[in-house]
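Coordinate inspection notes
Below are the chains, spelled out letter by letter.
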Amino acid sequence: MNNWIQSFLGKRLLKTGLAVFITALICQWLNWPVVFAVIAAIVTVEPTVHASIQKGKIRLPAAAIGAGIAMTFDFLFGQVPITFALSAFFTIYICHRLRWDDAILVATLTAIAMIPMTSESFFLAFLIRIATTTIGIVVSTLVNLIIWPPNFMKEIHEDCHALFGETIELVEDILEYQLMGKRSRQVLKLRFEHLSKGIERATETIRFQREDFRYRKKDVTKTQQLYDLERQIDLLHKVSFHIGDILSASEQQSIPKEDKAVLQTAWTHIKDAYEKKEIDHTAEEKVRSMLYSLIYDHQDEKEILTKSTTVAYELLAIYHLLIEYIERRERQN
């Protein structure tokens, strides 16, 4: 994850610098003010092309609103403190009311920076500011599309594998806590929260990649790979719910010694299936039989779950999800 962040930030930094350079070059060639275009170019480099386009759609009209407000108050009051204050206030207020919060910074900077730079022809100045902002947004979006286009497939693969490994370790440690009284509940909770955040980050990265595919030539293979990875992360997300249930099982109840042996044996088979990345149907049937027998043996007339049956239910659900994960990995390979 850290390597991905460093790589992403490095590429984004270089793309921002290139977009600013091209934008400034175009504005100087047209003999137009550079600052407004550069501001727009800097804030438009987003993680994906889709995000750049979507935010550019609101930043351009927001900048136009800011410029229009600034020129209006400049015309009415001149370049005095009240002009700056009213321009900033109304620009922020209108953008917020329109729910253009991502564009408030660009619009407000455009409004404030225009006032001291306008001496004549308010309408012409307004048009030039809109034109330069448009140049910044367009150039930045094109650079994001063409230069080092976002590609998160490798990172998603690595994160998916790492998260599943982390999940298996966490399940094993939580079982040690519930069956043997080992480990710290508080530490396990922190690890569970860390896993949940990792799943959320992976889900967001998948969303970035899916959005970027919309602006690329359709590649059926990569699209299918992304779908399989998305399903794997979705399976992991479901597994995390069952992990949480095992962790939160009552501390007041105890698990009989014979039930502990059954649960430990079942987990050994489940972990072995994950590590080998293959499904042993004989072992699969054995695990199901063991866990179902434990569940039915402890099910009373009121159908009240004991701690043993709770853990067994959750292990059985985790096993089903891991089998689906292994099957998807086999198809992917």
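Report on the accompanying structure. Keep in mind that what you see is a predicted model, and the values were worked out from it rather than measured. (Residues numbered from 1 in each chain as written. Predicted model: local features only at pLDDT ≥ 70, side-chain atom pairs only at ≥ 80, totals over all residues. Heavy atoms only, no water.)

Helix and strand counts for the protein come out as twelve helices and zero strands. What you see for the protein is a C-alpha radius of gyration of 29 Å, clearly larger than the 20 Å of a compact globule of 333 residues, by over 25%. Here the contacts in the protein between residues at least 6 apart in sequence split such that 78% fall between residues at least 24 apart. For the protein, the exposed area adds up to about 17,800 Å²; of that, 59% sits on carbon and sulfur atoms. (Helix = DSSP H or I, 4+ residues; strand = E, 2+ residues; numbered from the N terminus. Rg over C-alpha atoms; globule rule 2.2 N^0.38 Å. Contact = heavy atoms within 4.5 Å. Areas by Shrake-Rupley, 256 points an atom, 1.4 Å probe, with all protein chains shown as cover.)

A few words now on the packing of helix H4 (residues 81-97) against helix H5 (residues 104-114). Look at H4 against H5: their axes get within 9 Å of each other, and the N-to-C directions meet at 155°. Between H4 and H5, the angle falls in the class roughly antiparallel. For the element pair H4 and H5, the recorded crossing hand is right-handed. Two secondary-structure elements touch here, H4 through Phe84, Ala88, Thr91, Ile92, Cys95 and His96 and H5 through Ile104, Ala107, Thr108, Ala111 and Ile112. (Axes fitted to C-alpha atoms, helices over the stretch in contact; angles between N-to-C directions. Parallel < 35°, antiparallel > 145°, perpendicular 65-115°, else oblique. Left-handed = near helix turned anticlockwise from the far one by under 90°.)

A separate point is the nonpolar core. Grouped together as the largest cluster of nonpolar side chains are 53 residues, with contacts concentrated most on Leu175, Ile243, Leu263, Leu291 and Leu315. When contributions to this core are tallied by element, the ones reaching two or more residues are helix H7 (153-180), helix H8 (185-213), helix H9 (220-247), helix H10 (257-276), helix H11 (281-297) and helix H12 (307-332). Top element by residues in this core is H7. It accounts for twelve residues. Those residues in contact with Leu315 that lie beyond four places of it in its chain are Val171, Leu175, Ile246, Leu263, Trp267, Ile270 and Leu291. Membership of the second largest hydrophobic core comes to nine residues, among which are Phe36, Ala67, Ala70 and Met114. (Core = buried A, V, L, I, M, F, W, Y, C linked by side-chain atoms within 4.5 Å. Buried < 20%, exposed > 50% of the residue type's maximum accessible area, 1.4 Å probe, protein only.)

With that out of the way, let us pick up a nonpolar patch on the surface. On the surface, a nonpolar cluster with roughly 490 Å² of combined accessible area is contributed by Phe75, Leu76, Phe77, Val80 and Ile82. The biggest single contributor to the nonpolar patch is helix H3 (residues 49-77), with three residues. Assignment of secondary structure puts Phe75 in helix H3. (Patch = residues over 30% accessible without salt bridge, like charges linked within 9 Å, V, L, I, M, F, W, Y side chains within 5 Å. Salt bridge = Lys/Arg side-chain N within 4 Å of Asp/Glu carboxyl O.)

In this section: the packing of H3 against H4. Their axes nearest at 9 Å, the elements H3 and H4 cross at an angle of 150°. One element, H3, and the other, H4, form an angle in the roughly antiparallel class. Crossing hand, H3 versus H4: right-handed. Each of Ala62, Ile65, Gly66, Ile69, Ala70, Phe73, Asp74 and Phe77 in H3 lies in contact with H4, whose residues at this interface are Ile82, Thr83, Leu86, Ser87, Phe90, Thr91, Ile94 and Cys95. Broken down by class, the residue content of the contact of H3 with H4 amounts to eleven nonpolar, four polar and one charged. (Nonpolar A, V, L, I, M, F, W, Y, C, P; charged D, E, K, R; others polar.)

Here we take up unusual backbone geometry. With a phi close to 60°, Asn31 is a non-glycine residue in the positive phi region. With respect to the secondary-structure elements, Asn31 resides in the loop between helix H1 (2-30) and helix H2 (35-44). Unusually for a residue other than glycine, Arg99 sits at a positive phi of about 60°. Counting through the fold element by element, Arg99 comes out in the loop between H4 and H5.

The next thing to look at is the environment of Arg288. By the secondary structure assignment, Arg288 is in helix H11. As a C-alpha pair, Arg288 and Cys27 span 261 residues in sequence and 70 Å in three-dimensional space. Beyond its immediate chain neighbours, meaning those up to four positions away, Arg288 contacts Leu316, His320 and Ile323.

To continue, consider the side chain of Thr83. The residue Thr83 is located in helix H4 in this model. With relative accessibility at 0%, the residue Thr83 sits in the buried group. When residues no more than four places from it in sequence are discounted, the contact partners of Thr83 are Phe73, Asp74, Phe77, Gly78 and Ile115.

Right, let's talk about the pattern of salt bridges for a bit. One pass over the full model with this rule turns up eight salt bridges. Where Glu324 meets Arg231, a salt bridge forms, and the shortest distance between an N and an O atom there is 3.3 Å. Of this pair, Glu324 sits in helix H12 while Arg231 sits in helix H9; the two residues are 93 residues apart in sequence, bridging distant segments of the chain. The partly exposed category is assigned to Glu324, whose relative accessible area is 26%. Through salt bridges with shared partners, one network takes in Arg231, Asp234, Lys238 and Glu324.

Going through the model one piece at a time under the given rule, you end up with seven aromatic pairs. Relative to Phe90, the ring of Phe89 has its centre 5.2 Å away and its plane inclined at 90°; by these criteria the two rings are edge-to-face. Taken together, a centroid distance of 6.3 Å and an interplanar angle of 5° make the contact between Phe89 and Tyr93 stacked. Taken together, the residues span about one helical turn, with Phe89 and Tyr93 both in helix H4 at a distance of four residues. Grouped by ring-pair contacts, the aromatic residues Phe73, Phe77, Phe89, Phe90 and Tyr93 constitute a single cluster. (Phe/Tyr/Trp six-rings, centres within 6.5 Å; stacked < 30°, edge-to-face > 60°.)

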